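Okay, here's what each chain looks like letter by letter:
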Amino acid sequence: MSETTRTQVLIIGAGPAGLMISQMLHNRGVESVAIDIRTREEIENTHRAGILEAKAVRMLEDENVSQRFRTDGYEHDGTDIRVRGISNRISFKDLVGASVWLYPQTDVFIDLANARERDGGDVRFGVSDVELLDGDSDNPGVRFTDAAGTTQEVRADFVVGSDGSRSICRALIPGATQYFREYPFAWFGIMAEAPMSYDELIYASSDRGFALISQRTPTVQRMYLQCNPSDDMHNWSEDQLWDEFQARVAGPDGFELKTGPIFERTLLPFRSFVQQPMQHGRVSLAGDAAHTVPPTGARGLNLALSDARVLAPRLAEAAKANDPAKLADYEEIAVKRVWRAQNFSYWMTTMLHSLPDENPFDRMRRLGELEMVLGHESGRRHLAEAYAGWPNEVDGL
Ligand SMILES: Cc1cc2nc3c(=O)[nH]c(=O)nc-3n(C[C@H](O)[C@H](O)[C@H](O)COP(=O)(O)OP(=O)(O)OC[C@H]3O[C@@H](n4cnc5c(N)ncnc54)[C@H](O)[C@@H]3O)c2cc1C
């Protein structure tokens, strides 16, 4: 048994980038079919990013996805960069008149999946055996087995590869260049049932390594410790982990973390990646499929949504006219922001983390850099602007 569907846009990967593009196409009168190898429940329960810039939450509203972030999210006017136990608050509001939202990726996904369902969107979760067909033709498509075990073929005028950091769609762009960097450290992430220790994120750079203290809800917290990628912190006791977190934030102000049972542990390797071009013929890449960043600058999810913001209106025009030329400036506009975000993520990462082989000179130079950034308004403003999202005149969005 096999079934064939014809649509205007085929979307491979129904994460935030894919579903946002699907929703934006629907709002512009264009049909799409999105497929994902994971089930909806699996994606809903995969904890990832937590911070959305103001432009990203505005998209949820403007594209009629949901306003739930207003009741279930938290607006943060700043963040704390704690260096060797000394707190340095960066006020986004005062420095650049902006704020960010703590609204987890799981909620963004739930809102997008609900909106697609509400609006009659064709999203097929839990598929397998995905095989891309004729990517370089006028009739690209995909063959897969659906969740019920039926072989399906979908043919479309255009394809979006939004299939994440292990993208198979990258191969549809011939002659592409891949830029890649791996870092000699990772983050060990925990989810804990504990009260909030602070009402904004804390980026802590200590002589024992970096720690990020972030939140999810008043009773669930998300935190990360810098570690060696080969460290097995899965075997650490809860007391050992909390002691290490506390040691990395400890300072003369007596700041103490609120602790509780840890219910999830994950290791997150650090990588930077960009594939260019992001578009060829009838195929476009979006989100992690085209670029990944280390999470230190909270850019990954924001970049995925900003790709959607650039791509979807162009794709709608291209689909209505059946003309790939309408996609011509997607790459040029999107990639500028991608490299800005790559630079910011790299800079935050290398400034806040200690390298495993860091010698005393390297450490003092890095602390000098932190002092230069945090000790001057121009440095704090530079950081605040990048973290909260560049203004339109800077990134062309
Ligand atoms: C553990 C972790 C923590 C993170 N923390 C942060 C953070 O704090 N801040 C931040 O900004 N970013 C963070 N990120 C990055 C952020 O989550 C990503 O940038 C974001 O998910 C990108 O969205 P996307 O839609 O492009 O890709 P994804 O969310 O990865 O979605 C891609 C989808 O494609 C599907 N897929 C894959 N292969 C196929 C295939 N062959 N066929 C069909 N479907 C396929 C996948 O199942 C997935 O659902 C984190 C990432 C990880 C892994």
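Just above sits the structure.
Residues numbered from 1 in each chain as written. Predicted model: local features only at pLDDT ≥ 70, side-chain atom pairs only at ≥ 80, totals over all residues. Heavy atoms only, no water.

(A) Seen up close, unusual backbone geometry. Gln-276 connects to Pro-277 through a cis peptide bond whose omega is 0 degrees. Summarising the element assignment, Pro-277 is placed in the loop between β16 (262–276) and β17 (279–280). Of note, the phi angle at Arg-84 is positive, near 50 degrees, even though the residue is not glycine. Here Arg-84 is to be found in the loop between β5 (78–83) and β6 (86–91). The class of Arg-84 is partly exposed, set by a relative accessible area of 40%. Of note in the backbone geometry, Asp-129 takes a positive phi value of approximately 50 degrees without being a glycine. (Helix = DSSP H or I, 4+ residues; strand = E, 2+ residues; numbered from the N terminus. Buried < 20%, exposed > 50% of the residue type's maximum accessible area, 1.4 Å probe, protein only.)

(B) Structural detail: the pairing of strand β12 (residues 177–193). When β12 meets β16, the two strands line up antiparallel, connected through 13 bridges. Looking at β16, one finds that Gly-189 is bridged to Thr-266. Pairing of β12 with strand β15 (residues 220–227) involves 8 bridges; the strand directions are antiparallel. Paired with Ala-192 across the bridge in β15 is Gln-221. (Pairing = 2+ DSSP bridges.)

(C) Looking closely at the packing of helix α1 (residues 16–27) against helix α6 (residues 105–118). Two elements in contact, α1 and α6, have axes whose closest approach is 10 Å; the angle formed by their N-to-C orientations is 35 degrees. The handedness of the crossing between α1 and α6 is left-handed. Counting all contacts with α1, which are made through Pro-16, Leu-19, Met-20, Ser-22, Gln-23 and His-26, the residues of α6 involved are Gln-105, Phe-109, Leu-112, Ala-113, Ala-115, Arg-116 and Arg-118. For the contact of α1 with α6, the per-class residue count stands at 7 nonpolar, 4 polar and 2 charged. (Axes fitted to C-alpha atoms, helices over the stretch in contact; angles between N-to-C directions. Left-handed = near helix turned anticlockwise from the far one by under 90°. Contact = heavy atoms within 4.5 Å. Nonpolar A, V, L, I, M, F, W, Y, C, P; charged D, E, K, R; others polar.)

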